[in-house]
Amino acid sequence: MRALLALVALTLPACRHNGSAIQRYQSFYLQKASDLPRPEARASVATVRVPMSDGVALEADLLRLPGDAARPVVLIRTPYARGYLLPIADVFASQGYSVLVQDCRGTGDSEGEFVVMLNEQRDGLDTLAWIDAQPWAGADVFMFGPSYMGYTQLAAAVAAPPNLRALVAPETSAELYQELYRTGALNLDLALTWSSFLRTLTHGKVPIAEALALQKGWADLPWGARPLTTLDTEAWGETLPYYQDFVTRTDAADPYWVETDHLAHVGQATAPAWLATGWHDFALEGTLAIYAGQRAAGLEPALTIGGGAHGDHDGLTEAIGAAFAWFEAHATEPLGLDLPDRSAPVRYLVQGAEVWREAAAWPPPSRPQTVFLQGGGALGSAASGEATPWTYDPADPTPAVGGAFLLGFDPVADNAPLLAREDVRAFTGPVLDAPLEVAGVPRVSACFGSDQESADLFVRLSRVDKRGRSWNLTEGLQRVHGLGGAPAPVAFDLKPTAFRLAPGERLQVIVSSGAAPIWAPNTGAGELAAQATDNTLRVAHQRLEHDAACPTTVTLPVTE
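Presented here is a report on the structure given in the accompanying data block. (Residues numbered from 1 in each chain as written. Predicted model: local features only at pLDDT ≥ 70, side-chain atom pairs only at ≥ 80, totals over all residues. Heavy atoms only, no water.)

### Examining the overall build of the chain
When its secondary structure is counted, the chain shows 14 helices and 23 strands. The proportion of buried residues among the 560 residues of the chain is 59%. The contacts in the chain between residues at least 6 apart in sequence include a share of 76% that link residues at least 24 apart. With an accessible surface of roughly 20600 Å², the chain has 53% of that area assigned to carbon and sulfur atoms. (Helix = DSSP H or I, 4+ residues; strand = E, 2+ residues; numbered from the N terminus. Buried < 20%, exposed > 50% of the residue type's maximum accessible area, 1.4 Å probe, protein only. Contact = heavy atoms within 4.5 Å. Areas by Shrake-Rupley, 256 points an atom, 1.4 Å probe, with all protein chains shown as cover.)

As C-alpha cells, then:
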C-alpha cells in the first residue's frame with residue numbers, strides 16, 4: 001500500500017479538539033520526523049469564517065500560541081476537509097507561527113459551489129487580504145501544502161500579493177490540462193480516481209479514510225469498454241461531473257482550462273517556491289515546469305526530487321522540515337529557529353544507487369548517449385535488424401505495471417507480468433562492465449508504423465539486475481495520428497529521471513502500445529475517447545523499424 005495511505009492513517013480520525021491525545025501524538029510524530037525542535041508551548045484552535053468578495057464565507061481553523069503578539073502566518077487552503085491537517089498545522093503553530101487552515105469554496109464547512117480550480121485565485125487573494133487586516137498577523141505570510149493545496153498557492157502567488165513571502169508546494173502543477181492530456185491520450189487514472197475522490201469529499205462529506213477505501217471498487221473495471229463517459233457510472237453507480245468535464249473537454253483552448261491555467265504566469269510571483277516531487281509522481285513534469293518558470297523569471301526556487309509517487313509520506317515530512325528553513329530564509333523578521341541546513345538549491349535521488357545528489361540547477365550537466373533498438377530484441381550502438389512487430393487489441397489493453405498511478409499502487413514493480421504479454425516487446429543491452437549514471441530527460445526517436453489511423457507508442461526504461469529481474473525506471477507514451485501507411489518518425493520525451501546501473505546490470509527498453517488504466521486505451525480510429533464505442537475498437541498491427549535510414553533510438557543524458 002502506498003505511503004499516502006500511511007499518512008492518511010496517521011492523520012485520522014480528524015480531531016478539532018486542541019490537546020486531544022490523538023492530535024498530540026500526531027503532532028509529536030511529525031515534529032520528530034521533520035527534525036524540528038521540541039515545542040515549548042501548545043497552540044489553541046479557534047474556528048473563524050473568512051468573507052470573500054462575493055459574500056461567500058469560507059470556514060477555517062486558526063491555530064495560535066498564547067498571547068497577543070502578531071506572528072508570521074502560514075496559510076493552508078484545501079478541498080479535502082481541513083480537519084485532517086490540524087496535526088500538521090499544529091507543528092507550525094507550536095514553533096511560533098499563526099496558522100490558518102481553510103476549506104476551499106464548496107468543500108468541508110465552507111459555503112459556495114466547488115468547481116475544480118476555478119475560484120482558487122480569487123478566494124486565495126481575498127483570504128490573504130483578510131489576513132493582512134488581522135491584529136494577530138505579522139508582516140509575513142507563507143503558504144504550505146502539496147498537490148491541490150500547492151495549486152491554491154500558485155493561483156494566488158501569480159498575482160503577487162505584497163504580504164506573501166514564500167511557498168512550499170510539493171507535488172503540484174500550475175494547470176490541469178497538461179496533467180490530463182500531456183501525451184495526447186487521457187490520463188484515465190487521474191481523471192476517474194481524482195474526480196471520484198473529490199465527489200465523496202465535497203458532496204458526501206466522507207472522511208478521507210473512507211473515501212480512499214471506496215477507490216478499490218473500480219480497479220477491476222473493464223478498461224477497454226467504451227465509451228469512457230460511462231466508466232464513472234460503472235465504478236460508482238452515478239455520473240461524476242468532474243470526470244465528465246475531464247473526459248469531454250479535450251481542447252486546450254476551452255475556457256474551462258484557460259481560466260485555471262497559471263503556468264505561463266508563475267514567473268510573475270514575487271514569492272519563490274520550494275518544490276518537491278518524485279520520479280514516479282504523475283505531477284513530476286508539472287512541478288518541474290513551475291521550477292523552470294520561476295528560474296526563467298529570475299526567482300530562486302528550490303527543488304527536491306525523491307524516488308516515490310504522488311503523496312509519498314516521507315516526502316511530506318521532508319516538506320514540513322524544509323518549510324521551516326524556507327520560510328526563515330525569506331522572512332522579513334525570522335523566528336530564529338535552530339534548524340538543520342537545507343540550503344542545497346537542488347537535491348535528487350539516484351534510483352538504483354539510492355543516493356542523493358546535489359546540484360546548482362535541474363537538470364544537471366550531462367552528455368548525450370544514444371542507444372539503438374535493434375531487431376531481435378537487443379540494444380546497441382548502431383541500427384540493425386528487421387522490423388519488430390506486435391499486435392495491440394484495445395479490448396484487452398496492455399496494462400500499466402507500476403508507474404505513476406494517483407493512489408494505492410507501488411510505483412516500482414517487477415516487469416515480469418508485462419514481459420509475459422504478447423503485445424509487449426523488450427530490447428536489452430549487454431551486461432555493463434562500468435557504472436552508467438543518468439540524470440535528466442531521456443528522448444525517444446522512433447520509426448513507428450501502424451495499420452490504423454491512430455496508435456500509441458509506450459516506451460519504458462528499465463534496470464535488469466544481476467538476477468535477471470527487470471524494474472521500471474521511467475517511461476512515456478505518445479499518441480500518434482495520421483498513420484495507416486508507411487512507418488513515420490515519432491519523437492517524444494520520457495519522464496525526467498535519475499538512475500545508476502551498476503556493473504553486472506543491464507539497460508532494458510520495453511515497448512508496447514498502452515499502459516491502462518493510466519492512459520486511456522487507443523481505439524485505433526482516431527476519435528475522441530468520449531465518443532468511442534465498442535463497435536469502433538480496432539485491432540492494430542504495429543511495428544518499429546531498425547534500419548539506418550529510419551532507426552529507433554533512446555538518447556540518455558549521462559552524467560558519469
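After presenting the structure, the write-up continues.
### A look at the environment of Leu 303
Looking at the element boundaries, Leu 303 is found in strand S8 (residues 302–309). Taking the C-alpha atoms as reference points, Leu 303 and Thr 277, separated by 26 residues in sequence, lie 8.1 Å from one another. Aside from chain neighbours lying at most four places away, what touches Leu 303 is Leu 275, Thr 287, Leu 288, Tyr 291, Pro 345, Val 346, Arg 347 and Trp 362.

### Examining the sheet that holds strand S9 (residues 346–350)
Across a sheet, paired strands are connected by hydrogen bonds in the backbone, their directions being either parallel or antiparallel. The ten strands are arranged S1-S2-S4-S3-S5-S6-S7-S8-S9-S10 in an open sheet whose pairing can be described as mixed. Because the sheet does not close on itself, it has two edges, and the strands there are strand S1 (44–51) and strand S10 (355–359). The mean angle between the axes of side-by-side strands here comes to 25°, regardless of whether they run parallel or antiparallel. As judged from the two bridges shared by strand S6 (residues 164–168) and strand S7 (residues 273–280), these two strands associate in the parallel manner. If you follow Val 168 over to S7, its bridge partner there is Trp 274. (Pairing = 2+ DSSP bridges. Axes fitted to C-alpha atoms, helices over the stretch in contact; angles between N-to-C directions.)

### Some points on the pairing of S9
Where burial is concerned, most of S9 is hidden: four out of the five residues are buried. Here three bridges tie S8 to S9, and the two strands are oriented parallel to one another. Directly across from Ile 305, in S9, lies its bridge partner Tyr 348. Strand direction decides the pairing type here: S9 and S10, joined by five bridges, are antiparallel.

### Brief notes about the nonpolar core
Formed by 73 residues in total, the largest nonpolar core has its most connected members in Phe 92, Val 99, Val 116, Phe 144, Trp 194, Phe 246 and Phe 327. Element by element, the count of residues in this core is highest for helix H13 (residues 313–329), at nine residues. Each residue touching Trp 194, except ones within four places of it in the same chain, is listed here: Tyr 80, Val 116, Met 117, Tyr 148, Leu 176, Asp 189, Phe 246 and Leu 406. Core analysis: the next-biggest nonpolar cluster, separate from the first, contains 46 residues, Leu 100, Trp 136, Ala 174 and Leu 275 among them. (Core = buried A, V, L, I, M, F, W, Y, C linked by side-chain atoms within 4.5 Å.)

### Things to note about the packing of aromatic side chains
Summed over the entire model, instances satisfying the criterion amount to 22 aromatic pairs. Each member of the aromatic cluster is reached from another via a ring pair, and the members are Phe 114, Tyr 148, Tyr 151, Tyr 177, Tyr 181, Trp 194, Tyr 242, Phe 246, Tyr 256 and Trp 257. In this arrangement the basic side chain of Arg 347 is found over the ring face of Trp 356, its NZ or CZ atom lying 4.3 Å from the centre. (Phe/Tyr/Trp six-rings, centres within 6.5 Å; stacked < 30°, edge-to-face > 60°. Lys NZ or Arg CZ within 6 Å of the ring centre and 35° of its normal.)

### Describing helix H5 (residues 148–157)
Of all ten residues in H5, ten are buried; the element is thus mostly enclosed. Along H5, the positions that sit buried rather than exposed are Tyr 148, Met 149, Gly 150, Tyr 151, Thr 152, Gln 153, Leu 154, Ala 155, Ala 156 and Ala 157.

### With respect to unusual backbone geometry
In this model, Trp 362 is joined to Pro 363 through a cis peptide bond whose omega is -5°. When you line up the elements, Pro 363 lands in the loop between S10 and strand S11 (367–374). The linkage connecting Ala 516 with the following residue, Pro 517, adopts the cis geometry, with an omega of 5°. Residue placement: Pro 517 occurs in the loop between strand S21 (506–512) and strand S22 (540–544). In this structure, Met 117 takes a positive phi of about 70° despite not being glycine. With respect to the element layout, Met 117 can be found in the loop between strand S4 (98–103) and helix H4 (120–132). With relative accessibility at 7%, the residue Met 117 sits in the buried group. Of note, Ser 147 is a non-glycine position whose phi angle comes to about 60°, a positive value. Positionally, Ser 147 belongs in the loop between strand S5 (137–144) and H5. A residue is classified by how much of its surface remains accessible, and Ser 147, at 21% relative accessible area, is partly exposed.

### Looking at the environment of Pro 489
Structurally, the position occupied by Pro 489 is in strand S19 (residues 488–493). Assessed through its relative accessible area of 71%, Pro 489 is described here as exposed. Spatially, the C-alpha atoms of Pro 489 and Gly 449 are 8.8 Å apart, while their sequence positions differ by 40 residues.

### Thoughts on the pairing of S7
With eight of eight residues buried, S7 is to be regarded as a mostly interior element. The sheet contact formed by S7 and S8 spans six bridges and is parallel. Among the inter-strand pairings, Gly 278 is bridged to a residue of S8, identified as Gly 306. Remark: the S7/helix H12 (residues 284–296)/S8 crossover connection has right-handed handedness. (Right-handed = clockwise from strand over helix to strand, strands pointing away.)

### Description of the side chain of Gln 244
Within the secondary structure layout, Gln 244 lies in helix H10 (residues 241–248). Judged by relative accessible area, which is 18%, Gln 244 ranks as buried. A distance of 2.9 Å separates the side chain of Gln 244 from the backbone oxygen of Thr 229, its partner in a polar contact. Excluding residues that lie within four positions of it along the chain, Gln 244 makes contacts with Thr 229, Asp 232 and Thr 239. (Polar contact = N/O pair within 3.5 Å; in protein donor to acceptor, adjacent residues only side chain to side chain.)

### Digging into the packing of H4 against H5
Interaxial distance between H4 and H5 falls to 8 Å at its minimum, and their mutual angle equals 75°. When the axis of H4 is compared with that of H5, the two are roughly perpendicular. Note on element contacts: H5 touches H4 through Tyr 148, Tyr 151, Thr 152, Ala 155 and Ala 156, opposite Glu 120, Gln 121, Gly 124, Leu 125 and Leu 128. (Parallel < 35°, antiparallel > 145°, perpendicular 65-115°, else oblique.)

Any functional reading would require information beyond the geometric quantities listed.
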